[in-house]
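Read off the chains here:
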Amino acid sequence: MAHTIFRAWQTTYCFLILLAILGGCVTPRHGSVAILTSPSERLCSRHRIPLITGQIFKMSPPLPLVYPNPGWRRWANYYPNHLTLFESLVRSDEFPLAVFRTYCPLCQTELETHLDP
Ligand SMILES: [Zn+2]
């Protein structure tokens with residue numbers, strides 16, 4: 001009996017580890033797409049201007065579950081160095097945490113322009 005329970009636990013544990021590994025492989029990640037021109041300067045691959053590091057504001061955890069609409073995803077892929085859905089340039093009740101982040105100001109501005117015409 002104990003052997004059967006241990007076997008079931010072992011199978012479940014291995015399945016969860018496999019699921020975590022596969023999930024990590026397919027999870028889309030937001031990352032900067034930049035051209036490194038020197039150790040201290042990176043250019044936006046879309047706009048060819050230096051990325052800036054500045055103060056932005058984030059949502060506080062736990063982050064909400066957000067499923068971006070297809071329009072957002074299309075423009076977000078087109079402007080690779082924008083802020084995420086959990087970040088904003090403006091502090092508000094929704095985005096209270098101040099952090100420093102590197103991004104392209106043109107990617108952010110143009111993405112917002114396409115989303116809020
Ligand atoms: Zn850009």
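The structure we're discussing is the one just above.
Source: prediction; values computed, not measured.

(A) View of the packing of helix α2 (residues 70-78) against helix α3 (residues 105-115). Interaxial distance between α2 and α3 falls to 10 Å at its minimum, and their mutual angle equals 155 degrees. Classified by the angle their axes make, α2 and α3 are roughly antiparallel. Regarding α2 and α3, the two cross each other, and that crossing is right-handed. Contacts from W72, W75 and A76 in α2 reach L111, H114 and L115 in α3. Classifying every residue of the contact of α2 with α3 by side-chain character gives five nonpolar, one polar and no charged.

(B) Highlighting unusual backbone geometry. Residue P62 is reached from P61 by a cis peptide bond, and omega for that bond is 0 degrees. Structurally, P62 can be placed in the loop between β3 (52-58) and α2. A positive phi angle is found at R48, which is not glycine, with a value near 60 degrees. When you line up the elements, R48 lands in the loop between β2 (41-44) and β3. For R48, a count of 11 C-beta atoms within 10 Å corresponds to the exposed category.

(C) The sheet that holds β3, seen in detail. An order of β4-β3-β5 is seen for the three strands of this open sheet, with the pairing classed as antiparallel. Taken across any chain shown, the strands that pair with only one partner, and hence form the sheet edges, are β4 (87-88) and β5 (97-103). Relative to β4, β3 runs antiparallel, the two sharing two bridges. When the bridges of β4 are listed, K58 appears paired with E87.

(D) Quick peek at the pairing of strand β1 (residues 34-38). The element β1 is barely covered by neighbouring structure, given that only zero of its five residues are classed as buried. Looking at chain direction, β1 and β2 are connected through four bridges and run antiparallel. Bridge assignment links S38 to a residue of β2, and that residue is E41. Between the end of β1 and the start of β2, which pair antiparallel, lie two residues.

(E) Molecular detail of the nonpolar core. With ten residues, the main nonpolar core is built from C44, L51, I56, F57, Y79, L83, Y103, C104, C107 and L111. Taken together, the elements giving at least two residues each to this core come down to β3 and α3. In this structure L111 touches W75, A76, Y79 and H82, once residues within four positions along its chain are discounted.

About the criteria used
Residues numbered from 1 in each chain as written. Predicted model: local features only at pLDDT ≥ 70, side-chain atom pairs only at ≥ 80, totals over all residues. Axes fitted to C-alpha atoms, helices over the stretch in contact; angles between N-to-C directions. Helix = DSSP H or I, 4+ residues; strand = E, 2+ residues; numbered from the N terminus. Parallel < 35°, antiparallel > 145°, perpendicular 65-115°, else oblique. Left-handed = near helix turned anticlockwise from the far one by under 90°. Contact = placed C-beta atoms within 7 Å. Nonpolar A, V, L, I, M, F, W, Y, C, P; charged D, E, K, R; others polar. Buried ≥ 20, exposed ≤ 12 C-beta atoms within 10 Å, placed from the backbone. Pairing = 2+ DSSP bridges. Core = buried A, V, L, I, M, F, W, Y, C linked by C-beta atoms within 7 Å.

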